[in-house]
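What follows is each chain in one-letter form.
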Amino acid sequence: DVELTLQAHLWLVLDLLEAGDRRAVEAQIEAFALEAEPLRQPLFTWHVLTWRAMLALLDGRLTDAERLSSDALAAGIRIEGPAASQYHLTQMLAIRSEQCRSGELERAMSQTLAETGGRITWRAGAAGRLVELGELELARAELEALVGPDAPEIPADGAGLAATVLLAGVALGLGDGVRAEILYERLLPY
C-alpha cells in the first residue's frame with residue numbers, strides 16, 4: 001500500500017530529525033518524494049516542499065527556503081488550510097529571524113495567536129520575537145507565564161518540545177538563569 005508506505009516515511013522523517021541524523025532524513029524525504037510523485041496528490045507535494053524548505057533553512061540557504069516554503073503553502077493551502085499557513089509562518093519566522101527582520105511578520109503572528117487560541121508554541125514564538133524587538137519586559141512577562149511554578153504544564157508532545165526550545169532562547173535572551181535551568185532539564189533527554 002503506497003499511501004501507508006508514505007505514512008511510514010513521514011514518521012521516519014520526524015523520528016530521524018529528533019535523532020539528528022541528517023543523511024537519513026534526506027534519504028527518507030527523497031524516498032517519500034519518489035513514491036509520492038506518481039500519485040500527484042497535493043498533500044504529498046506539500047510535505048515534500050515543506051521538508052525541502054526546512055533543509056534549505058538548516059543549510060542557511062534563506063532565499064531557497066523562502067521560495068520552497070511559499071511553494072509549499074501554495075500546494076497545501078487547499079488541503080491543509082490552517083496547518084499549511086502555520087507551517088509557512090513558522091518557516092518564515094525562522095527565515096526572517098535569521099535576517100533580523102522578524103518584525104515584518106507581526107500582523108501574521110498576532111492573527112495566528114488569535115486563531116490558535118494562544119497555543120503555547122505560538123506564545124513561545126511571540127515571546128522570542130519580543131526579545132528580538134527589544135521588548136524585554138513583555139517577553140519576560142510571557143516567559144514567566146509559561147515557565148515556572150505557577151505556569152501550566154508544557155505538553156509532552158511535538159508542540160511542547162518546539163515551545164521548550166523557543167522558550168530556552170527567550171530565557172537566554174533575557175538572561176533568566178532560573179527558567180533556563182528548568183528548560184534545560186526538559187531538553188536534556190534530547
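See the structure printed just above.
No experiment lies behind these values; they were computed from the predicted model shown.

A. Structural context of the overall build of the protein. In terms of helices and strands, the protein carries 10 helices and zero strands. Element order for the protein, N to C, with α for helix and β for strand: α-α-α-α-α-α-α-α-α-α. Relative to the globule expectation of 16 Å for 190 residues, the C-alpha radius of gyration of the protein, 17 Å, shows essentially globular dimensions. Its C-alpha atoms put the protein at 50 × 35 × 30 Å along the principal axes. Relative to its 190 residues, the protein shows a buried fraction of 39%. For the protein, contacts bridging at least 24 residues in sequence account for 53% of all contacts bridging at least 6. Across the protein, the centroid of the 16 positively charged side chains sits 5 Å from that of the 29 negatively charged ones.

B. Looking closely at the nonpolar core. Formed by 19 residues in total, the largest nonpolar core has its most connected members in Leu93 and Ile95. Counting only elements with at least two residues in this core, the list comes to helix 3 (42–59), helix 4 (62–80), helix 5 (82–98) and helix 7 (120–132). If we skip the residues at most four places from it in the chain, Ile95 touches Leu57, Leu62, Ala65 and Glu66. In terms of nonpolar packing, the next biggest core, distinct from the first, is built from 16 residues, Ile120, Leu130, Ile154 and Val170 among them.

C. Region of interest: helix 7. End to end, helix 7 covers 18 Å across 13 residues, agreeing with the expected 18 Å (1.5 Å per residue, within 8%). Counting buried positions along helix 7 yields 11 of 13 residues, so the element is predominantly enclosed. Within the span of helix 7, buried status applies to Ile120, Thr121, Trp122, Ala124, Gly125, Ala126, Ala127, Gly128, Arg129, Leu130 and Val131. Downstream of helix 7 by a residue or two, Gly134 has a phi angle that is positive, lying close to 80 degrees.

D. Layout of the pattern of salt bridges. Inspection of the entire model under this criterion finds 14 salt bridges. With a closest N to O distance of 3.9 Å, Glu137 and Arg140 form a salt bridge. Linking Glu137 with Arg140, this pair stays in helix 8 (residues 136–146), spanning three residues, or about one helical turn. A relative accessible area of 59% means that Glu137 is categorised as exposed. Of the residues examined, Arg140 reaches a relative accessible area of 23% and is grouped as partly exposed. Overlapping salt bridges bring together Arg22, Glu26, Asp59, Arg61, Asp64, Arg67 and Asp71 as one network.

E. View of the environment of Leu174. Note on placement: Leu174 falls in helix 9 (residues 158–174). Considering only alpha carbons, one finds Leu174 and Gly128, 46 residues apart in sequence, at a separation of 9.9 Å. The contacts of Leu174, once residues within four sequence positions are left out, are Val131, Leu136, Ala139, Arg140 and Leu143.

F. A look at the packing of helix 5 against helix 6 (residues 106–115). Interaxial distance between helix 5 and helix 6 falls to 11 Å at its minimum, and their mutual angle equals 140 degrees. Viewed along their axes, helix 5 and helix 6 adopt a mutual orientation that is oblique. The two elements helix 5 and helix 6 cross, and the hand of that crossing is left-handed. Here Gln86, Leu89 and Leu93 of helix 5 lie close against helix 6, whose contacting residues are Ala108, Met109 and Thr112. Classifying every residue of the contact of helix 5 with helix 6 by side-chain character gives four nonpolar, two polar and no charged.

Thresholds applied
Residues numbered from 1 in each chain as written. Predicted model: local features only at pLDDT ≥ 70, side-chain atom pairs only at ≥ 80, totals over all residues. Heavy atoms only, no water. Helix = DSSP H or I, 4+ residues; strand = E, 2+ residues; numbered from the N terminus. Rg over C-alpha atoms; globule rule 2.2 N^0.38 Å. Buried < 20%, exposed > 50% of the residue type's maximum accessible area, 1.4 Å probe, protein only. Contact = heavy atoms within 4.5 Å. Lys, Arg positive; Asp, Glu negative; His and termini not counted. Charge placed at Lys NZ, Arg CZ, Asp CG, Glu CD. Core = buried A, V, L, I, M, F, W, Y, C linked by side-chain atoms within 4.5 Å. Expected span 1.5 Å × (residues − 1). Salt bridge = Lys/Arg side-chain N within 4 Å of Asp/Glu carboxyl O. Axes fitted to C-alpha atoms, helices over the stretch in contact; angles between N-to-C directions. Parallel < 35°, antiparallel > 145°, perpendicular 65-115°, else oblique. Left-handed = near helix turned anticlockwise from the far one by under 90°. Nonpolar A, V, L, I, M, F, W, Y, C, P; charged D, E, K, R; others polar.

So yeah, pure geometry; function would need other evidence.
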